[in-house]
Amino acid sequence: MRIYSCHFCSSPVYPGHGIMFVRNDAKEFRFCRSKCHKLFKQRRNPRKLKWTKAFRKAAGKELAVDSTLTFATKRNIPVRYNRELVATTLKAMARIEQIRQKRERAFYKNRMKGNKDKALSLDRKLVENNAVLLRMREVEIRTKEEKRVQKLQKAQNGQDEMDISTDSEAEFSEQEESSEEEEAQKIVLTNKKKLRQKA
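Residues numbered from 1 in each chain as written. Predicted model: local features only at pLDDT ≥ 70, side-chain atom pairs only at ≥ 80, totals over all residues. Heavy atoms only, no water.

**Regarding the nonpolar core**
Then, in step 1: Judged by nonpolar contacts, Cys6, Phe8, Cys9, Val13, Phe29, Phe31, Cys32, Cys36, Leu39 and Leu49 together constitute the single largest core of ten residues.
Then, in step 2: Of all the secondary-structure elements, those providing two or more residues to this core are strand S4 (28-31) and helix H1 (34-41).
Then, in step 3: With residues near it in sequence (within four places) discarded, cysteine 9 still touches Cys32, Arg33, Cys36, Trp51, Thr52 and Lys53. (Core = buried A, V, L, I, M, F, W, Y, C linked by side-chain atoms within 4.5 Å. Buried < 20%, exposed > 50% of the residue type's maximum accessible area, 1.4 Å probe, protein only. Helix = DSSP H or I, 4+ residues; strand = E, 2+ residues; numbered from the N terminus. Contact = heavy atoms within 4.5 Å.)

Okay, structure coming up:
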């Protein structure tokens with residue numbers, strides 16, 4: 001099954017998907033979705049729409065001239081079937097795809113090379129022109145730090161209160177134990193007195 005490319009945006013059109021338009025001169029146009037078909041009928045130029053492959057290649061955003069891209073062109077040359085030839089062509093197709101992806105990555109890196117320096121220079125200009133923003137940022141950082149310190153202090157105070165409460169509880173329990181012992185001693189003494197009186 002052949003995977004066609006969209007006539008308008010050059011995205012892949014898989015079997016059972018997309019729209020096919022046949023002109024009066026029997027030329028076929030395949031579209032990936034109704035959006036591309038509609039724009040084609042409106043006679044829109046794909047090189048002027050930023051989301052199409054034609055625009056990206058024309059603007060130098062994608063690899064347009066390369067030897068690996070020539071292999072994808074359609075050829076109407078009849079060739080006698082040969083199993084070895086088919087095997088070698090399949091291997092060659094896989095290798096060509098690897099080379100193409102590698103070259104596209106290199107092209108992208110080369111295109112994006114000076115972007116960091118540009119962004120840095122723009123940021124420096126912004127800082128020089130708007131020094132007030134930095135002061136505002138410093139104030140925000142200072143207020144955040146103060147809030148954080150207050151939270152820590154509150155947490156420490158809460159821990160101190162907990163320690164005090166645990167100490168007071170321990171003292172209260174000791175007092176209770178001592179009072180119980182005293183009551184027990186009193187009961188023993190009263191019992192002894194009663195025994196003496198009976199005797």
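Past the structure itself, the notes keep going.
**Here we look at the packing of aromatic side chains**
Then, in step 1: Using the criterion set out here, one finds five aromatic pairs in the structure.
Then, in step 2: Summarising the aromatic geometry, the rings of phenylalanine 8 and tryptophan 51 are spaced 6.1 Å apart at their centres and angled 40° between planes, so their arrangement reads as tilted. Of this pair, phenylalanine 8 sits in the loop between strand S1 (4-5) and strand S2 (12-13) while tryptophan 51 is found in the loop between H1 and helix H2 (53-58), placing the two residues 43 residues apart along the sequence.
Then, in step 3: Residue classification places phenylalanine 8 among the buried positions, given a relative accessible area of 2%.
Then, in step 4: The exposure class of tryptophan 51 is partly exposed, given its relative accessible area of 34%.
Then, in step 5: Each ring, one from phenylalanine 29 and one from phenylalanine 40, has its centre 5.0 Å from the other, and the planes form 40°; the classification is tilted. A residue pair is termed long-range when its members are at least 10 positions apart, and phenylalanine 29 in strand S4 and phenylalanine 40 in helix H1 qualify at eleven residues.
Then, in step 6: Classification of phenylalanine 29 by relative accessible area gives buried; the value is 2%.
Then, in step 7: Phenylalanine 40 gets classed as partly exposed once you look at its relative accessible area, which sits at 21%.
Then, in step 8: What links up through ring pairs into an aromatic cluster is the set Phe21, Phe29, Phe31 and Phe40. (Phe/Tyr/Trp six-rings, centres within 6.5 Å; stacked < 30°, edge-to-face > 60°.)

**Notes on unusual backbone geometry**
Then, in step 1: At serine 10, a position not held by glycine, the phi torsion is positive, near 70°.
Then, in step 2: Relative to the elements of secondary structure, serine 10 occurs in the loop between S1 and S2.
Then, in step 3: Given the relative accessible area of 35%, serine 10 is considered partly exposed.
Then, in step 4: Even without being a glycine, alanine 26 presents a positive backbone phi close to 70°.
Then, in step 5: Inspection of the secondary structure assignment puts alanine 26 in the loop between strand S3 (19-22) and S4.
Then, in step 6: On the accessibility criterion, alanine 26 (60% relative accessible area) is exposed.

**Brief notes about a nonpolar patch on the surface**
Then, in step 1: On the surface, Tyr81, Val86, Leu90 and Met93 cluster together to form a nonpolar patch covering roughly 460 Å² of accessible area.
Then, in step 2: According to the relative accessible area criterion, leucine 90 is exposed, its value standing at 52%. (Patch = residues over 30% accessible without salt bridge, like charges linked within 9 Å, V, L, I, M, F, W, Y side chains within 5 Å. Areas by Shrake-Rupley, 256 points an atom, 1.4 Å probe, with all protein chains shown as cover. Salt bridge = Lys/Arg side-chain N within 4 Å of Asp/Glu carboxyl O.)

**Some remarks on the side chain of histidine 37**
Then, in step 1: Here histidine 37 shows up in helix H1.
Then, in step 2: Relative accessible area serves as the criterion here: at 15%, histidine 37 is assigned to the buried category.
Then, in step 3: Discounting residues that sit within four places of it in the chain, histidine 37 has contacts with Ile19, Phe21 and Phe31.

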